[in-house]
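Given next are the chains, with one letter for each unit.
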Amino acid sequence: GQQVMQIPQYQHVQEGEDFTTYCNSSTTLSNIQWYKQRPGGHPVFLIQLVKSGEVKKQKRLTFQFGEAKKNSSLHITATQTTDVGTYFCAGRSGGYQKVTFGTGTKLQVIP
Amino acid sequence: NAGVTQTPKFQVLKTGQSMTLQCAQDMNHEYMSWYRQDPGMGLRLIHYSVGAGITDQGEVPNGYNVSRSTTEDFPLRLLSAAPSQTSVYFCATRAGGANLGELFFGSGTQLSVL
(Lines give C-alpha, C1' and ligand atoms only; values in the text may rest on other atoms or scores of the structure.)
Protein backbone atom coordinates (compact mmCIF):
# COMPACT_ATOMS: atom_id res chain seq x y z
CA GLY A 1 0.00 0.00 0.00
CA GLN A 2 0.91 3.64 -0.27
CA GLN A 3 3.39 4.90 2.32
CA VAL A 4 4.26 8.50 3.06
CA MET A 5 7.32 9.29 5.15
CA GLN A 6 8.38 12.61 6.60
CA ILE A 7 11.73 13.79 7.87
CA PRO A 8 12.79 14.90 10.32
CA GLN A 9 10.50 13.52 13.01
CA TYR A 10 11.44 16.35 15.40
CA GLN A 11 13.11 19.72 14.92
CA HIS A 12 14.12 22.30 17.49
CA VAL A 13 15.04 25.74 16.17
CA GLN A 14 15.86 29.10 17.67
CA GLU A 15 13.28 31.74 16.91
CA GLY A 16 14.25 33.44 13.67
CA GLU A 17 15.92 30.38 12.15
CA ASP A 18 14.52 28.64 9.10
CA PHE A 19 12.84 25.23 9.11
CA THR A 20 12.20 22.62 6.43
CA THR A 21 10.28 19.34 6.50
CA TYR A 22 10.38 16.81 3.69
CA CYS A 23 7.72 14.37 2.56
CA ASN A 24 8.35 11.28 0.41
CA SER A 25 5.75 8.94 -1.05
CA SER A 26 6.26 5.36 -2.23
CA THR A 27 3.84 6.03 -5.10
CA THR A 28 3.10 8.89 -7.48
CA LEU A 29 0.58 11.27 -5.97
CA SER A 30 -2.41 12.97 -7.58
CA ASN A 31 -2.09 15.82 -5.12
CA ILE A 32 -0.48 16.63 -1.82
CA GLN A 33 -1.86 18.59 1.09
CA TRP A 34 -0.19 20.06 4.15
CA TYR A 35 -1.73 20.35 7.59
CA LYS A 36 -0.67 21.92 10.87
CA GLN A 37 -1.63 20.55 14.26
CA ARG A 38 -1.10 22.72 17.31
CA PRO A 39 -0.39 20.92 20.61
CA GLY A 40 -3.65 19.44 21.91
CA GLY A 41 -5.51 20.42 18.76
CA HIS A 42 -6.67 18.87 15.54
CA PRO A 43 -5.04 19.06 12.09
CA VAL A 44 -5.86 22.20 10.14
CA PHE A 45 -5.48 22.46 6.37
CA LEU A 46 -2.74 24.74 5.07
CA ILE A 47 -2.52 24.18 1.33
CA GLN A 48 -2.94 21.76 -1.58
CA LEU A 49 -0.52 21.23 -4.46
CA VAL A 50 -1.61 19.48 -7.65
CA LYS A 51 0.84 20.19 -10.48
CA SER A 52 4.28 18.69 -10.99
CA GLY A 53 6.94 21.16 -9.82
CA GLU A 54 4.36 23.46 -8.27
CA VAL A 55 5.52 26.06 -5.74
CA LYS A 56 3.14 28.02 -3.53
CA LYS A 57 3.82 30.62 -0.86
CA GLN A 58 1.83 31.71 2.16
CA LYS A 59 3.66 34.58 3.86
CA ARG A 60 6.72 32.91 5.44
CA LEU A 61 5.74 29.40 4.30
CA THR A 62 6.86 27.95 0.96
CA PHE A 63 5.45 24.66 -0.32
CA GLN A 64 6.91 22.63 -3.18
CA PHE A 65 5.68 19.58 -5.08
CA GLY A 66 8.37 17.51 -6.77
CA GLU A 67 8.66 17.06 -10.52
CA ALA A 68 7.91 13.34 -10.21
CA LYS A 69 4.99 14.06 -7.84
CA LYS A 70 6.45 11.70 -5.23
CA ASN A 71 7.90 14.24 -2.84
CA SER A 72 7.13 17.59 -1.32
CA SER A 73 8.59 20.07 1.12
CA LEU A 74 7.48 22.83 3.46
CA HIS A 75 9.93 25.61 4.28
CA ILE A 76 9.33 28.22 6.96
CA THR A 77 11.48 31.34 6.87
CA ALA A 78 12.36 33.08 10.14
CA THR A 79 10.35 30.90 12.49
CA GLN A 80 8.17 32.41 15.18
CA THR A 81 6.80 30.86 18.38
CA THR A 82 3.40 30.73 16.70
CA ASP A 83 4.84 28.18 14.25
CA VAL A 84 5.08 25.55 17.00
CA GLY A 85 3.17 22.38 16.18
CA THR A 86 3.29 19.23 14.10
CA TYR A 87 3.25 19.53 10.32
CA PHE A 88 1.77 16.72 8.25
CA CYS A 89 1.77 16.09 4.55
CA ALA A 90 -1.09 14.04 3.11
CA GLY A 91 -1.30 12.51 -0.33
CA ARG A 92 -3.77 10.81 -2.60
CA SER A 93 -2.83 8.35 -5.33
CA GLY A 94 -4.60 7.83 -8.64
CA GLY A 95 -8.36 7.69 -8.46
CA TYR A 96 -8.43 6.61 -4.85
CA GLN A 97 -10.53 8.70 -2.51
CA LYS A 98 -8.58 7.94 0.63
CA VAL A 99 -5.89 10.27 1.86
CA THR A 100 -2.68 8.90 3.40
CA PHE A 101 -0.91 11.06 5.95
CA GLY A 102 2.79 11.30 6.52
CA THR A 103 4.35 10.57 9.89
CA GLY A 104 4.61 14.27 10.74
CA THR A 105 7.36 16.64 11.83
CA LYS A 106 7.09 18.17 15.28
CA LEU A 107 8.53 21.70 15.38
CA GLN A 108 9.64 23.37 18.60
CA VAL A 109 10.68 27.01 18.47
CA ILE A 110 12.91 28.27 21.26
CA PRO A 111 12.34 31.97 22.03
CA ASN B 1 -22.48 25.88 11.59
CA ALA B 2 -20.86 23.44 13.98
CA GLY B 3 -18.69 21.82 11.28
CA VAL B 4 -17.50 18.39 12.42
CA THR B 5 -18.61 17.34 15.91
CA GLN B 6 -17.09 14.40 17.74
CA THR B 7 -18.34 12.90 20.98
CA PRO B 8 -17.18 12.05 23.54
CA LYS B 9 -13.97 14.06 23.97
CA PHE B 10 -12.52 11.60 26.48
CA GLN B 11 -13.31 7.97 27.24
CA VAL B 12 -11.81 5.28 29.43
CA LEU B 13 -12.74 1.67 28.72
CA LYS B 14 -11.84 -1.67 30.19
CA THR B 15 -10.52 -4.40 27.93
CA GLY B 16 -13.42 -6.17 26.23
CA GLN B 17 -15.93 -3.35 26.56
CA SER B 18 -17.65 -1.95 23.52
CA MET B 19 -18.40 1.63 22.61
CA THR B 20 -19.29 3.93 19.75
CA LEU B 21 -17.46 7.13 18.85
CA GLN B 22 -19.83 9.59 17.26
CA CYS B 23 -19.09 11.90 14.35
CA ALA B 24 -21.62 14.33 12.93
CA GLN B 25 -21.17 16.99 10.25
CA ASP B 26 -23.43 19.77 9.01
CA MET B 27 -21.45 20.69 5.89
CA ASN B 28 -23.24 18.24 3.57
CA HIS B 29 -19.92 16.55 2.78
CA GLU B 30 -20.05 13.26 0.94
CA TYR B 31 -16.72 11.97 2.22
CA MET B 32 -16.22 11.05 5.87
CA SER B 33 -13.35 9.20 7.48
CA TRP B 34 -11.85 8.05 10.75
CA TYR B 35 -8.16 8.34 11.65
CA ARG B 36 -6.24 7.31 14.71
CA GLN B 37 -3.19 9.22 15.86
CA ASP B 38 -0.40 7.58 17.79
CA PRO B 39 2.98 9.12 18.72
CA GLY B 40 5.52 8.85 15.92
CA MET B 41 3.04 7.21 13.54
CA GLY B 42 1.12 10.15 12.22
CA LEU B 43 -2.53 9.77 11.30
CA ARG B 44 -3.59 6.35 10.08
CA LEU B 45 -6.83 5.82 8.19
CA ILE B 46 -9.23 3.33 9.82
CA HIS B 47 -12.35 3.46 7.61
CA TYR B 48 -13.85 5.89 5.18
CA SER B 49 -17.11 6.52 3.34
CA VAL B 50 -17.78 8.29 0.05
CA GLY B 51 -21.50 8.58 0.67
CA ALA B 52 -24.48 7.19 2.55
CA GLY B 53 -24.56 3.40 2.37
CA ILE B 54 -20.94 3.13 1.18
CA THR B 55 -17.98 2.34 3.41
CA ASP B 56 -14.48 1.00 2.82
CA GLN B 57 -11.45 -0.02 4.81
CA GLY B 58 -8.38 2.10 5.37
CA GLU B 59 -4.91 1.10 6.58
CA VAL B 60 -5.84 -0.19 10.06
CA PRO B 61 -9.48 -1.41 10.02
CA ASN B 62 -9.18 -4.43 12.32
CA GLY B 63 -11.19 -4.14 15.53
CA TYR B 64 -13.39 -1.33 14.19
CA ASN B 65 -16.75 -1.25 12.44
CA VAL B 66 -18.48 1.63 10.69
CA SER B 67 -21.78 2.32 8.97
CA ARG B 68 -23.12 5.31 7.05
CA SER B 69 -26.89 5.44 7.07
CA THR B 70 -27.10 9.21 6.62
CA THR B 71 -24.93 11.91 5.03
CA GLU B 72 -24.48 13.59 8.41
CA ASP B 73 -23.33 10.75 10.67
CA PHE B 74 -20.44 8.30 10.58
CA PRO B 75 -20.10 6.38 13.87
CA LEU B 76 -17.07 4.26 14.69
CA ARG B 77 -17.71 1.13 16.76
CA LEU B 78 -15.24 -0.76 18.90
CA LEU B 79 -16.82 -4.15 19.52
CA SER B 80 -14.30 -5.46 22.06
CA ALA B 81 -11.78 -2.84 23.11
CA ALA B 82 -8.10 -3.76 23.46
CA PRO B 83 -5.21 -1.78 25.02
CA SER B 84 -3.72 -1.45 21.50
CA GLN B 85 -6.70 0.75 20.63
CA THR B 86 -5.62 3.40 23.12
CA SER B 87 -5.22 6.42 20.86
CA VAL B 88 -6.61 9.76 19.79
CA TYR B 89 -9.33 9.37 17.18
CA PHE B 90 -10.21 12.01 14.61
CA CYS B 91 -13.14 12.17 12.28
CA ALA B 92 -12.50 14.08 9.04
CA THR B 93 -14.82 15.10 6.23
CA ARG B 94 -14.41 16.49 2.74
CA ALA B 95 -16.62 17.64 -0.08
CA GLY B 96 -16.88 15.01 -2.83
CA GLY B 97 -16.75 15.29 -6.57
CA ALA B 98 -13.76 15.91 -8.83
CA ASN B 99 -12.31 18.70 -6.70
CA LEU B 100 -11.09 16.69 -3.73
CA GLY B 101 -10.08 19.51 -1.43
CA GLU B 102 -9.21 19.93 2.20
CA LEU B 103 -10.17 17.65 5.05
CA PHE B 104 -12.07 19.20 7.93
CA PHE B 105 -11.31 17.55 11.27
CA GLY B 106 -13.31 17.19 14.44
CA SER B 107 -11.69 18.04 17.76
CA GLY B 108 -10.86 14.42 18.52
CA THR B 109 -11.66 11.70 21.05
CA GLN B 110 -8.96 10.60 23.46
CA LEU B 111 -9.56 6.92 24.24
CA SER B 112 -7.78 4.90 26.90
CA VAL B 113 -8.29 1.15 27.15
CA LEU B 114 -7.12 -0.38 30.42
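Residues numbered from 1 in each chain as written. Chains lettered and ligands numbered in written order. Predicted model: local features only at pLDDT ≥ 70, side-chain atom pairs only at ≥ 80, totals over all residues. Heavy atoms only, no water.

1. Observations concerning the state of the cysteines
All names here are of chain A.
Part 1 of the argument: All told, the structure shown has two disulfides over all chains when counted by the stated rule.
Part 2 of the argument: The disulfide partner of Cys23 is Cys89, and the S-S distance across this bridge is 2.0 Å. Because the sign of the S-S torsion sets the handedness, a value of about 75° for the bond joining Cys23 and Cys89 places this disulfide among the right-handed ones. With a gap of 66 residues between them, Cys23 in strand 3 (residues 19–25) and Cys89 in strand 9 (residues 85–92) connect regions that are remote in the sequence.
Part 3 of the argument: For Cys23, a relative accessible area of 1% gives the class buried. (Disulfide = S-S within 2.5 Å. Helix = DSSP H or I, 4+ residues; strand = E, 2+ residues; numbered from the N terminus. Buried < 20%, exposed > 50% of the residue type's maximum accessible area, 1.4 Å probe, protein only.)

2. Some thoughts on the pairing of strand 3 (residues 19–25) of chain B
Side chains on a regular strand alternate between the two faces of the sheet.
Residues and elements named next belong to chain B.
Part 1 of the argument: Alternating residues of strand 3 divide into Met19, Leu21, Cys23 and Gln25, all buried, and Thr20, Gln22 and Ala24, none buried.
Part 2 of the argument: Where strand 1 (residues 4–7) lies against strand 3, four bridges are found, and the strand directions are antiparallel. Bridge pairing links Gln6 to Cys23 in strand 3.
Part 3 of the argument: Pairing of strand 3 with strand 8 (residues 76–78), which is carried by three bridges, proceeds in the antiparallel orientation. By the bridge assignment, Leu21 is partnered in strand 8 with Leu76. (Pairing = 2+ DSSP bridges.)

3. Description of the interface of chain A and chain B
Part 1 of the argument: The interface is formed by 19 residues belonging to chain A together with 21 residues belonging to chain B.
Part 2 of the argument: Per-residue buried area on chain A facing chain B is highest for Gln97, Lys98 and Phe101 of chain A; these three make up 32% of the total on that side.
Part 3 of the argument: At the junction of chain A with chain B, the criterion picks out zero salt bridges.
Part 4 of the argument: When contributions to the side of chain A that touches chain B are tallied by element, the ones reaching two or more residues are strand 4 (31–37), strand 5 (44–49), strand 9 and strand 10 (100–101) of chain A.
Part 5 of the argument: Looking at which element gives the most residues to the side of chain A that touches chain B, the answer is strand 4 of chain A, with four residues. (Contact = heavy atoms within 4.5 Å. Buried area = accessible area lost by both parts, 1.4 Å probe. Salt bridge = Lys/Arg side-chain N within 4 Å of Asp/Glu carboxyl O.)

4. Things to note about the nonpolar core
One broad trend across soluble globular proteins is that nonpolar side chains are buried collectively.
Part 1 of the argument: Formed by 20 residues in total, the largest nonpolar core has its most connected members in Trp34 and Phe63 of chain A.
Part 2 of the argument: Looking at this core, the elements that each hand over two or more residues are strand 3, strand 4, strand 5, strand 7 (61–65), strand 8 (71–76), strand 9 and strand 11 (105–110) of chain A.
Part 3 of the argument: Of all hydrophobic cores here, the second largest spans 18 residues; its members include Leu21, Trp34, Phe74 and Leu76 of chain B. (Core = buried A, V, L, I, M, F, W, Y, C linked by side-chain atoms within 4.5 Å.)

5. Quick look at the packing of aromatic side chains
Part 1 of the argument: In this structure the tally under the stated criterion is twelve aromatic pairs over all chains.
Part 2 of the argument: Ring plane angle 75° and centroid distance 6.3 Å describe the contact between Phe88 of chain A and Phe101 of chain A, whose orientation is recorded as edge-to-face. One end of the pair, Phe88 of chain A, is in strand 9; the other, Phe101 of chain A, is in strand 10, and 13 residues separate them in sequence.
Part 3 of the argument: Using a relative accessible area of 2% as the deciding quantity, one classes Phe88 of chain A as buried.
Part 4 of the argument: Each member of the aromatic cluster is reached from another via a ring pair, and the members are Tyr35, Phe45, Phe88 and Phe101 of chain A together with Tyr35, Phe90 and Phe105 of chain B.
Part 5 of the argument: Its guanidinium or amino end placed over the ring of Tyr31 of chain B, Arg94 of chain B lies 4.0 Å from that ring's centre, counting from NZ or CZ. (Phe/Tyr/Trp six-rings, centres within 6.5 Å; stacked < 30°, edge-to-face > 60°. Lys NZ or Arg CZ within 6 Å of the ring centre and 35° of its normal.)

6. Some points on the sheet that holds strand 7 (residues 64–66) of chain B
Residues and elements named next belong to chain B.
Part 1 of the argument: An order of 1-3-8-7 is seen for the four strands of this open sheet, with the pairing classed as antiparallel. For this open sheet the edge positions go to strand 1 and strand 7, each flanked by a neighbour on one side alone. Taking the axes of each pair of neighbouring strands and ignoring which way they run, one obtains an average angle of 20° across the sheet. (Axes fitted to C-alpha atoms, helices over the stretch in contact; angles between N-to-C directions.)

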